[in-house]
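What the coordinates show
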Amino acid sequence: MKPGANSQPGFFVVFEGPDGGGKTTQSGRLFAHLEKLNYEAKWTREPGGTALADLIREVVLHDTTHEISPRVEALLLSAARSQHVEKVIRPALEAGCVVVCDRFKYSTVAYQGGGSGLNVGDLNGLNKFSTDGLDADLVILLDIDPSEGLCRKLGLGGAGGSETNKMELRGVEYQERAREQFRQMASESPDRWLVIDGTGCADEIGDEISRRVTKELEARSIVPTSASTGRLI
Ligand code: TYD
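If you're wondering where the values come from, they're calculated on a predicted model, not measured in any experiment.

Formed by 24 residues in total, the largest nonpolar core has its most connected members in F12, V14, I89, F104, Y106 and W193. Counting only elements with at least two residues in this core, the list comes to β1 (11-16), α3 (70-94), β3 (98-102), α4 (105-115), β4 (138-143) and α7 (172-188). Aside from chain neighbours lying at most four places away, what touches V14 is C101, R103, F104, Y106, A136, L138, V139 and I140. Formed by 20 residues, the second largest nonpolar core is a distinct cluster that contains Y39, L138, I140 and I205.

Below you can see the structure in the form of structure tokens.
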């Protein structure tokens, strides 16, 4: 078996990108596809993923009673991530699961680094500490012009209309800096990152993602549960 980024039996796929690019739709769709094929799969998201991390999510995204500096924000997100990795992601990977995660540590580099201007080297160090060195095997960047993404998300002429968070209210330039940071990370690690135009047809995007993930699973000899136990699908 070809080992993944973390030499664990499972496979870790992360969806990243500006708000409104379709991460939640496409990560849910991939999860459903994997389940249909009888892979042991788990869907999760950040910020959040455990009860404690969900409490921190609420503070970071919606609390307006406390002044939270960019540094404190990065630390809160990292604390949530550490709990999520320790309690949910690593155990699932160790059990051989395909873990599908809607955002991960790359968002901290993009938003708190690119967006808020914190030092990217410091954030990489913080990410290494909070995740104990866990990397994704594959990062899917659903890339979209933030103005279009925000329109979709905030429902201004798009099909969005979901609840807004503090990040989305930081303006389009903040989002543009975050997007640039995502694109830079992708260009630095082209083997790990798959960049997809988030404005394309959702069905075609879903098919492209399924093909790529299936190929990677085959390369690592990760097989559906039914195949490994000899059951007929
Ligand atoms: P997301 O869950 O994608 O938003 P929604 O609940 O509306 O679908 O992400 C919430 C916001 O958190 C998003 O604007 C990006 C931001 N974020 C950071 O700034 N840093 C991080 O490390 C993470 C994980 C998210």
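So, about the pattern of salt bridges. Per the counting criterion, the structure on display carries 15 salt bridges. Taking the shortest distance from any N to any O, the salt bridge between R220 and D137 comes out at 3.9 Å. Of this pair, R220 sits in the loop between α8 (202-219) and α9 (225-229) while D137 sits in the loop between α5 (120-131) and β4, and the two are 83 residues apart along the sequence. There is no split in this pair, since R220 and D137 are both buried. With its nearest N and O atoms 2.6 Å apart, the salt bridge here joins R183 to D143. Here R183, found in helix α7, pairs with D143, found in strand β4; they are 40 residues apart in sequence, far enough to count as distant. What emerges from the salt-bridge pattern is a single network uniting E16, D19, R103, K153 and E168.

To continue, consider the site of the ligand. R57, R103, T108, Q112 and K153 are the nearest of the 17 residues found near the ligand. R81 is positioned such that a nitrogen or oxygen atom in its side chain is 3.0 Å from an oxygen atom of the ligand. In this structure, the ligand is accommodated by the largest pocket. Residue assignment for the shell around the ligand shows that the elements contributing at least two residues are α2 (51-62), α3 and α4. Sorting elements by how many residues they give to the shell around the ligand places α4 first, with four residues.

What counts and what doesn't
- Residues numbered from 1 in each chain as written.
- Predicted model: local features only at pLDDT ≥ 70, side-chain atom pairs only at ≥ 80, totals over all residues.
- Heavy atoms only, no water.
- Core = buried A, V, L, I, M, F, W, Y, C linked by side-chain atoms within 4.5 Å.
- Buried < 20%, exposed > 50% of the residue type's maximum accessible area, 1.4 Å probe, protein only.
- Helix = DSSP H or I, 4+ residues; strand = E, 2+ residues; numbered from the N terminus.
- Contact = heavy atoms within 4.5 Å.
- Salt bridge = Lys/Arg side-chain N within 4 Å of Asp/Glu carboxyl O.
- Near = heavy atom within 4 Å.
- Polar contact = N/O pair within 3.5 Å; in protein donor to acceptor, adjacent residues only side chain to side chain.
- 1 Å grid on protein atoms, 1.4 Å probe; cavity = no way out; pocket = protein on both sides within 12 Å on 5 of 7 lines; lining within 4 Å.
- Sits in = over half its atoms within 2 Å of the grid points.

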